[in-house]
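Letter by letter, the chains look like this.
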Amino acid sequence: MAFSKKTVRDVDVAGKRVLMRVDFNVPLKDGVVTDETRIRAALPTIKYLKDKGAKIILMSHLGRPKGEGYEAEFSLKPAAEKLAEISGYDVQFVDDTYGEKARKAVDALGDGQILVLENVRFDKREKKNEREIAQTLASYGDIFVLDAFGTAHRSQGSVVGPAEFLPAVAGFLLEKEVDTLTSIFANPERPFVAIVGGSKVSSKIGVLEKLMESADTLIIGGGMAYTFFLAKGYKSVGKSLVELDWVDKAREMLEKAQRIGCKVMLPVDDVVADHFGEDAKGFVVISTEMPEDMMGMDIGPETRKLYADEIAKAKTVFWNGPMGVFEFDEFAAGTKAVAEAIAQNRECTSIIGGGDSVAAVNKFGLADKMSWISTGGGASMELVEGKSLPGVEALDNA
Ligand code: ADP
Ligand code: MG
């Protein structure tokens, strides 16, 4: 499926004021950016616009401020500084978004110059997508570019709004994300192995159903596995995370998989602990015999081998959701084994989506071994589920 919207390549940006929504929603510690991935991801479009001589106005949200004005901990200033540092460009920052100060800074911009506006969410009308917000932002530009894939699933003022008033096109990151996450299902090289973990079945239902329809094998791990255990009739999952309301649905999904010829793999052994915590000690048990007083925290060693063997045969891999509570080292082995198996398969196209799965891949230092790591958690899941993203919908058709 080719990308069906206009991109920055389709418009003449030279000397124009280009208002670009980026996703600079980066983690900060003591006013310093601790993970610059999202800023780096915006660089190709910024560089392109700069080289073409556009006047570049960047806007983003950061965190969840109250929306009642400036809050120091959510300022975009550190992100603007990080952009300057990693790009080597001169980057201006204005501590205003919708006021006179912002307008003056925009008016003073020369060709090829870059300005970062303050957090769009310092005004609560942004999240509510109120029209004045979009109108004010749109008045800063001649062209609107959306490159904030991570927020493209949100109908908010700075994401969808300016497209109503200005020619609206995609940046390179948005285009690549949408292309990658949709084409994998259209025509995957087989075998296609999909791996889904994370905490809950309920939050991944749409993803599981969609993956089952196109993957040859669906590997399941993480907290959601235990609901599937009950669906299969295992007598106990102890104190593990389960969603009793979803057991019937899980059973239906297993039946559907069988009907449509998708092989589903569930853990055969598990690492369990007597409580949930950093200090908890893990014990290996067989999945059909989980002790009453223990909870499942990770997939077991035999499961890791089976999953790794299946991944080794894949030509396409999609992975979302950790295999265990990888935040605690004691229970990170399952997630690490899956990440390593994907990294070692040099023949396959591997796509990683989801906030925590991406964090896990980064934690293990394997990010550069993957074909594509999505910068959007929620947005990537919505695309996988086959939904369209409001931000993308609002752009001009190619
Ligand atoms: P992603 O962000 O990649 O989509 P999720 O948000 O669905 O992933 O799930 C990630 C969370 O699932 C992690 O915080 C992890 O600790 C948790 N998790 C994984 N396995 C278990 C388990 N066995 N019990 C409880 N929580 C788990
Ligand atoms: Mg998550």
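As a starting point, this report considers the structure included with it. (Residues numbered from 1 in each chain as written. Chains lettered and ligands numbered in written order. Predicted model: local features only at pLDDT ≥ 70, side-chain atom pairs only at ≥ 80, totals over all residues. Heavy atoms only, no water.)

**Structural notes on the site of ligand 1**
- In the region of ligand 1, 19 residues are neighbours, and Lys 204, Asn 320, Glu 327, Asp 356 and Ser 357 sit closest.
- Residue Asn 320 places a side-chain N or O atom 3.0 Å away from an oxygen atom belonging to ligand 1.
- The fraction of the free accessible surface of ligand 1 (580 Å²) that becomes covered by protein chains is 84%.
- Contributing elements (two or more residues each) for the shell around ligand 1: β14 (295–299) and α11 (355–363).
- Of the residues contributing to the shell around ligand 1, the split by class is five nonpolar, eleven polar and three charged. (Near = heavy atom within 4 Å. Polar contact = N/O pair within 3.5 Å; in protein donor to acceptor, adjacent residues only side chain to side chain. Areas by Shrake-Rupley, 256 points an atom, 1.4 Å probe, with all protein chains shown as cover. Helix = DSSP H or I, 4+ residues; strand = E, 2+ residues; numbered from the N terminus. Nonpolar A, V, L, I, M, F, W, Y, C, P; charged D, E, K, R; others polar.)

**Side note on the sheet that holds strand β1 (residues 17–21)**
- Read from one edge of the open sheet, six strands run β5-β6-β4-β1-β7-β8, paired in parallel fashion. Taken across any chain shown, the strands that pair with only one partner, and hence form the sheet edges, are β5 (91–94) and β8 (168–170). Strand-to-strand twist of the sheet, defined as the mean angle between neighbouring strand axes without regard to direction, takes the value 25°.
- Of the pairings in the sheet, the one linking strand β4 (residues 55–59) to strand β6 (residues 114–117) comprises three bridges and is parallel in character. Residue pairing for β6: Ile 57 is matched across the bridge by Leu 115.
- Across the sheet, helix α2 (residues 77–87) lies against β4, β5 and β6, angled at about 175° from β5, the strand it touches most. (Pairing = 2+ DSSP bridges. Axes fitted to C-alpha atoms, helices over the stretch in contact; angles between N-to-C directions. Contact = heavy atoms within 4.5 Å.)

**Observations concerning the pairing of β1**
- In terms of burial, β1 is largely enclosed, as four of its five residues are buried.
- In the sheet, β1 pairs with β4 via five bridges, with the strands oriented parallel. Paired with Leu 19 across the strands is Ile 57, a residue of β4.
- Note that β1 and strand β7 (residues 143–146) share four bridges and pair parallel. Within the sheet, the bridge partner assigned to Met 20 lies in β7 and is Val 145. (Buried < 20%, exposed > 50% of the residue type's maximum accessible area, 1.4 Å probe, protein only.)

**Looking at the pattern of salt bridges**
- Under the counting rule described, the total for this entry stands at 26 salt bridges.
- One salt bridge in this structure joins Asp 216 and Arg 190, with 3.1 Å as the shortest N-O distance. Note that Asp 216 is positioned in the loop between α6 (205–214) and β10 (217–220) and Arg 190 in the loop between α5 (172–186) and β9 (192–196), a separation of 26 residues in sequence.
- Overall, Arg 190 belongs to the partly exposed group, its relative accessible area being 43%.
- One salt-bridge network, held together by shared partners, links Glu 36, Arg 40, Lys 82 and Glu 85. (Salt bridge = Lys/Arg side-chain N within 4 Å of Asp/Glu carboxyl O.)

**Some details on the nonpolar core**
- Within the largest apolar cluster, 77 residues are counted, with the highest numbers of intra-cluster contacts made by Leu 117, Leu 174, Leu 208, Leu 211, Leu 218, Phe 228 and Phe 318.
- Among the nonpolar cores identified, the runner-up in size contains 32 residues, and Leu 83, Ile 143, Val 145 and Val 169 belong to it. (Core = buried A, V, L, I, M, F, W, Y, C linked by side-chain atoms within 4.5 Å.)

**Let's talk about the sheet that holds strand β17 (residues 372–373)**
- Taken together, six strands build an open sheet; the order of strands is β11-β10-β9-β15-β16-β17 and the sheet is parallel. The sheet is open, and its two edges are formed by β11 (263–265) and β17, each paired on a single side.
- Pairing analysis gives five bridges linking β9 to strand β15 (residues 316–320), with the strands arranged parallel. Note on β15: the bridge partner recorded for Val 193 is Val 317.
- Sitting on the sheet, helix α9 (residues 301–312) is in contact with β9, β10, β11 and β15, with an inclination near 150° to β10.

**Some thoughts on the side chain of Ser 158**
- Within the element layout of this structure, Ser 158 appears in the loop between β7 and β8.
- Among all residues touching Ser 158, those that are not within four sequence positions of it are Arg 21, Met 59, Val 120, Glu 126, Leu 137 and Phe 144.

**Describing the packing of α9 against helix α10 (residues 333–344)**
- For the pair α9 and α10, the least separation of the axes is 9 Å and the interaxial angle reads 20°. With respect to α10, the element α9 is oriented roughly parallel. Crossing geometry of α9 relative to α10 is assigned as right-handed. Residue-level contacts link Arg 304, Ala 308 and Ile 311 of α9 to Ala 333, Gly 334, Ala 337, Val 338, Ala 341 and Ile 342 of α10.
- Along the lines of polarity and charge, the residues of the contact of α9 with α10 split into seven nonpolar, one polar and one charged. (Parallel < 35°, antiparallel > 145°, perpendicular 65-115°, else oblique. Left-handed = near helix turned anticlockwise from the far one by under 90°.)

**As for the packing of aromatic side chains**
- Within this structure, the stated rule accounts for seven aromatic pairs.
- Consider the rings of Phe 229 and Tyr 234, whose centres lie 4.9 Å apart with planes at 40°: the pair is tilted. Of the two residues, Phe 229 and Tyr 234, both sit in the buried class.
- Here Lys 50 stacks its cationic end above the ring of Tyr 89, 5.0 Å away from the centre of that ring.
- Note that Lys 176 overlies the ring of Trp 372, its terminal NZ or CZ placed 5.3 Å from the centroid. (Phe/Tyr/Trp six-rings, centres within 6.5 Å; stacked < 30°, edge-to-face > 60°. Lys NZ or Arg CZ within 6 Å of the ring centre and 35° of its normal.)

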